[in-house]
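Structural characterization, general
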Amino acid sequence: MNWWKNAVVYQVYPKSFQDTNGDGIGDIKGIISRLDYLETLGINALWLSPVYKSPNDDNGYDISDYKAIHPDYGTMEDMDVLISEARERGIRIIMDLVVNHTSDEHEWFQEALKGKDNPFRDYYVWRDPVNGGPPNDLQSSFSGSAWEFDENSGQYYLHIFSRKQPDLNWENETMRREIYDMINFWLDKGIGGFRMDVIDHIGKVPEEKIVVNGPKLHEYLQEMNEATFRHYDVMTVGETWGATPENAALFSDPDRHELSMIFQFEHIMLDEQPGKAKWDLKELDLIDLKNTFKKWQTEIGENSWNSLFWNNHDTPRIVSRWGNDQEYRVESAKAFAILLHNMQGTPYIYQGEEVGLVNTPITDISQANDIETINMYQERIEQGYSKEDILKSINVKGRDNARRPIPWSNEEQGGFTSGNPWQELNEQYSTINVADALDDKESVFYTYQQLIKLRKEHEILVKGQFKLILEDDQQIFAYERELGDEKWTVIANLSETEQSRSVGNKIVQPVISNYKKDSYNLSDLTLKPYEAFVYKN
Ligand code: GLC
Ligand code: CA
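Residues numbered from 1 in each chain as written. Chains lettered and ligands numbered in written order. Predicted model: local features only at pLDDT ≥ 70, side-chain atom pairs only at ≥ 80, totals over all residues. Heavy atoms only, no water.

With that out of the way, let us pick up helix 6 (residues 217-227). Among the residues making up helix 6, those that are buried are Leu 217, His 218, Tyr 220, Leu 221, Met 224 and Asn 225. Buried positions in helix 6, seen along its axis, are confined to an arc of 155 degrees and lie on one side of it. Packed against the buried residues of helix 6 are helix 5 (173-187), strand 9 (193-196) and helix 7 (245-252). (Buried < 20%, exposed > 50% of the residue type's maximum accessible area, 1.4 Å probe, protein only. Helix = DSSP H or I, 4+ residues; strand = E, 2+ residues; numbered from the N terminus. Arc of directions from axis to C-beta. Contact = heavy atoms within 4.5 Å.)

Contact geometry for helix 11 (residues 371-382) and helix 12 (residues 387-397): axes closest at 10 Å, N-to-C directions at 155 degrees. In terms of their interaxial angle, helix 11 and helix 12 are classed as roughly antiparallel. The hand of the helix 11/helix 12 crossing is right-handed. Facing helix 11, whose interface residues are Thr 373, Met 376, Tyr 377, Arg 380 and Ile 381, helix 12 presents Lys 387, Ile 390 and Ile 394. Grouping the constituent residues of the contact of helix 11 with helix 12 by class yields 5 nonpolar, 1 polar and 2 charged. (Axes fitted to C-alpha atoms, helices over the stretch in contact; angles between N-to-C directions. Parallel < 35°, antiparallel > 145°, perpendicular 65-115°, else oblique. Left-handed = near helix turned anticlockwise from the far one by under 90°. Nonpolar A, V, L, I, M, F, W, Y, C, P; charged D, E, K, R; others polar.)

Turning next to the environment of Glu 39. Summarising the element assignment, Glu 39 is placed in helix 2 (residues 35-41). A relative accessible area of 39% places Glu 39 in the partly exposed class. When the C-alpha positions of Glu 39 and Ile 91 are compared, they lie 7.7 Å apart, and in sequence the two are 52 residues distant. Setting aside residues up to four positions removed in sequence, Glu 39 forms contacts with Arg 89 and Ile 91.

Further remarks concern the site of ligand 1. Neighbouring residues of ligand 1: 14 residues in total, closest Asp 58, Asp 197, Glu 239, His 313 and Asp 314. Here an oxygen atom of ligand 1 sits 2.5 Å away from a polar atom, N or O, in the side chain of Asp 58. Here an oxygen atom of ligand 1 sits 2.5 Å away from a polar atom, N or O, in the side chain of Asp 314. Protein chains shield 97% of the accessible area of ligand 1, which is 310 Å² for the free molecule. (Near = heavy atom within 4 Å. Polar contact = N/O pair within 3.5 Å; in protein donor to acceptor, adjacent residues only side chain to side chain. Areas by Shrake-Rupley, 256 points an atom, 1.4 Å probe, with all protein chains shown as cover.)

Given below as structure tokens:
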């Protein structure tokens, strides 16, 4: 079995993890200093959001040199130490691979700007104006046109993200080969693989306004695999917001030699009005959540592999989104953890999730840092939305929520930095922090620790068949896993009220639970708010 099938991956957003030199910015040495903590948690791999050289227009997702470390984070030597120190603790480093676009400050783009004859010109996507304007009305994911005019050459270049993130032209084979060389440069350092940023964009056809899942996407991924991953024992996970269970297998069927798995986002987008922007909110509905997981757990097929996550650096905190971050913060954080970590797939934990960190609402746009949020705010103000409405969406969905510095303790600045943090910590850090979680055997941390351990010890969690039960129940999310003669059942009350059900005729002992209880009577089950437990049938 591939090592990543029973692995648990932890995502670090380096800027906010741990500062060691007082400049208020997390750094690689800070990550090294917390490896013992991560070993205690039990994770097997650490996905590092970008630490490459970058002007930070999009916090590192705009890379100006793929083979250099941003001085804010440290040096290549620090990186090598991180890789080897992690490995000594059984943790592999997963690098973020951002190859849909570069920074406009990347040498290739700087060359490309010199004119139509420059050999690097074709590394990017250039088009002539149409009727004196942009080639078409393709929109950027960060608001406004996806085309930017270049005065010097009289052409437009494509940027699906910010104008400082020009899209690479994957039609150009020389460019592709340079990317594969760069991938091998990192693989040769002994890393454990890559998380591949917006990878379903690389086959885009701007003329036809096809951005994701373009006709050549899989051809490129197979070529990349052949030139790189296939020669190493690594995992790859593609970020694919447009994935469906049908096309998931195209990426992750091992016989196709593309990726190990993908991130699908259907469960993340359940709070959005279909066809609208992520900011246009819709009421949450537990039945939708259950059906989405049912679909992904059962329909991707035997030859495909799921990833499991509630959170990353682009999403709000799970306990604030689907849980209750006030009265039932601890209970709901544990309930969602128990639900996810007993499913089929490779689980990912985003920094701070393991101690139940919550969203950080803002009251004015000046408190925002994220380019997506700031651009959207300006655009919507111009379109006549009220400030209150926009802020409401930002507080529910904005990316800054999950990007606040980690509170390691209740010391000043949560022990994140001895200086001024690049972004304020959540003000609750004196009560919600890592040190307190470690001191409290009933904290969210120990539930995560136990869940990670269970996955390593029980094959059923890795290989068992998934079956949703109590399908129409509006408050309870329950499912079974089955492998050979073994069957486990997971039951979670995701409501804020007590729920009574009769689901069997036995008295069972929990394998794991989030309320202190030695046994559960299935014929007369009373579940407290967010109570969740797992038992063996
Ligand atoms: C991905 C990243 C996100 C970034 C975008 C552009 O969605 O997760 O943070 O802004 O790609 O690179
Ligand atoms: Ca620092």
